[in-house]
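Descriptive analysis of the structure
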Amino acid sequence: MGETSADQAVRRFLATIHVGDLCQGTVTAATRPEASVILDGFAAYPLGMLGVLDGSWRQRFADVAVVGRRIIAEVIAVDPDADRVRMSMAATENPELWAFLKQLRLGEFADGITVSLSQ
């Protein structure tokens, strides 16, 4: 069975988005674990998803994921089978830290100095 024109439009749009790209969009729905985002360039329905841990390192998720708010976030995953673009606003807040974190691999050891502790 063939794809509908809507499915084809989604696939064509998702083919233009890559991990590491910055995307803009508008939050359309927000719950505790995630927010849905209508991405600029595809207004039919929300393809973007902002998870609670990817919202912001500086603000509470409830303050970031506000319906109607415009956001800019880095693409951290594209899943054409689920019609989803996973996004991270936290990645855009501190590019140097994000670049360092992306280099880390599971099981690696890192040396460092503790500079603060909080409760």
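The following refers to the structure shown. (Residues numbered from 1 in each chain as written. Predicted model: local features only at pLDDT ≥ 70, side-chain atom pairs only at ≥ 80, totals over all residues. Heavy atoms only, no water.)

1. Things to note about the overall build of the chain
The condition is simple: Only DSSP runs of H or I with at least four residues qualify as helices, and only runs of E with at least two residues qualify as strands; both kinds are numbered from the N terminus onward. For every residue, the accessible area (1.4 Å probe, protein chains only) is compared with the maximum for its type, and the residue is labelled buried under 20%, exposed over 50%, or partly exposed between those bounds. Pairs of residues are marked as contacts when any of their non-hydrogen atoms sit within 4.5 Å. What sets the accessible areas is the Shrake-Rupley method with a 1.4 Å probe; for residues, cover comes only from the shown protein chains. In this tally, Lys and Arg are treated as positive and Asp and Glu as negative; His is ignored, and so are the chain termini. Note on charges: their place is set at NZ of Lys, CZ of Arg, CG of Asp or CD of Glu.
Within the chain one finds 4 helices and 5 strands. Along the chain, helices and strands appear, N-terminal first, in the series α-β-β-β-α-β-β-α-α. In terms of its C-alpha atoms, the chain occupies a principal-axis envelope of roughly 55 × 30 × 20 Å. Looking at the chain residue by residue over its 119 residues, the buried ones come to 30%. Long-range pairs, those at least 24 residues apart, make up 58% of the contacts in the chain with a sequence separation of at least 6. When the accessible surface of the chain is split by element, carbon and sulfur atoms take 56% of a total near 8,000 Å². Charge-centre separation for the chain: the mean point of 11 positive side chains lies 5 Å from the mean point of 15 negative side chains.

2. Topic: the sheet that holds strand β3 (residues 48–51)
Put simply, the test is: Any two strands with at least two DSSP bridges between them are considered paired. Interaxial angles span 0 to 180 degrees and are taken between N-to-C directions of axes, which are lines fitted to C-alpha atoms, for helices over the stretch in contact.
The 5 strands lie next to each other as β1-β2-β3-β5-β4, forming a closed barrel whose pairing is mixed. Strand-to-strand twist across the sheet, computed as the mean angle between neighbouring axes with direction ignored, equals 50 degrees. Bridge count between strand β2 (residues 34–39) and β3: 4 bridges; the pairing is antiparallel. Residue pairing across strands places valine 37 opposite glycine 48, the latter belonging to β3.

3. Observations concerning the pairing of strand β1 (residues 22–30)
Relative to strand β4 (residues 70–79), β1 runs antiparallel, the two being bridged by 5 bridges. Its bridge partner lying in β4, leucine 22 is registered against glutamate 74. Sheet topology places β1 next to β2; 5 bridges connect them, and they run antiparallel. Across the sheet, residue alanine 30 finds its bridge partner in β2, namely alanine 35. Linkage of β1 to β2, two consecutive antiparallel strands, is achieved through a turn of 3 residues.

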